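# Close look at the chain arrangement
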Amino acid sequence: VQLQASGGGLVQAGGSLRLSCAASVSILDLNAMGWHRQRPGKQRELVATITRSGSTNYADSLKGRFTISRDNAKSTIHLQMNGLRPEDTAVYYCYARLPTGWARDPHFWGQGTLVTVSS
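The structure reproduced in this document is the subject of the present report. (Residues numbered from 1 in each chain as written. Predicted model: local features only at pLDDT ≥ 70, side-chain atom pairs only at ≥ 80, totals over all residues. Heavy atoms only, no water.)

A tally of regular secondary structure across the protein gives 0 helices and 10 strands. Counting from the amino terminus, helix and strand elements in the protein follow one another as β-β-β-β-β-β-β-β-β-β. Its C-alpha atoms give the protein a radius of gyration of 14 Å, within 12% of the compact-globule value 14 Å for 119 residues. Here the C-alpha coordinates of the protein stretch approximately 45 × 30 × 25 Å along the principal axes. Buried positions account for 40% of the 119 residues belonging to the protein. Pairs at least 24 apart in sequence give 54% of the contacts found in the protein among residues at least 6 apart. With an accessible surface of roughly 6,200 Å², the protein has 47% of that area assigned to carbon and sulfur atoms. In the protein, which carries 13 positive and 7 negative side-chain charges, the distance between the mean positions of the two groups comes to 0 Å. (Helix = DSSP H or I, 4+ residues; strand = E, 2+ residues; numbered from the N terminus. Rg over C-alpha atoms; globule rule 2.2 N^0.38 Å. Buried < 20%, exposed > 50% of the residue type's maximum accessible area, 1.4 Å probe, protein only. Contact = heavy atoms within 4.5 Å. Areas by Shrake-Rupley, 256 points an atom, 1.4 Å probe, with all protein chains shown as cover. Lys, Arg positive; Asp, Glu negative; His and termini not counted. Charge placed at Lys NZ, Arg CZ, Asp CG, Glu CD.)

What follows is the structure, encoded as structure tokens:
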């Protein structure tokens, strides 16, 4: 499995960005996909996930500002980030939860994309 993230960049506080992550397999074969992030000096944390059935889950602090969605035909997920704040500055990692038997560790991360929010 390969996950290709894109869409990061520099944005002013209050602005918006849309991240995308393309999977090399059908995303409907994956148990879930999503995003984690690692802010400077902090541990990696959950941002949002979307399961095979379409259920979504968000970090409580991000609900209402971030929206995860998917395009099954393009095997791509998106993260729409609105009302960005300087504390959202982080490397955002695309994530997949692999089906049983695909790998020893079902948790898989792609390369990160840097989001920088200026004040």
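Next comes the rest of the account.
Attention now moves to the pattern of salt bridges. By the definition in use, this model includes 5 salt bridges. Three or more residues are tied together by salt bridges with common partners; here these are R37, R39, E45, R65 and D88. (Salt bridge = Lys/Arg side-chain N within 4 Å of Asp/Glu carboxyl O.)

Glancing now at the nonpolar core. One finds M33, W35, I77, L79, M81 and Y92 to be the most contacted residues of the largest nonpolar core, which totals 30 residues. Of all the elements in the fold, those that place two or more residues in this core are β1 (3–6), β3 (17–23), β4 (32–38), β5 (45–51), β7 (66–71), β8 (76–81), β9 (90–97) and β10 (107–118). (Core = buried A, V, L, I, M, F, W, Y, C linked by side-chain atoms within 4.5 Å.)

The next thing to look at is the state of the cysteines. For the coordinates displayed, the defined rule picks out 1 disulfide. What pairs with C21 in a disulfide is C94, and their sulfur atoms sit 1.9 Å apart. Its S-S torsion of about -90° marks the bond between C21 and C94 as left-handed, since a negative value means left-handed. One end of the pair, C21, is in strand β3; the other, C94, is in strand β9, with 73 residues separating them in the sequence. In this structure, C21 and C94 share a single accessibility class: buried. (Disulfide = S-S within 2.5 Å.)

This brings us to the side chain of H36. Of note, H36 is situated in strand β4. Look at H36 and you get buried, because its relative accessible area is 13%. Not counting the four nearest positions on each side in its chain, H36 is found in contact with R44, E45, L46, V47, V91, Y92, Y93, Y95 and W109.

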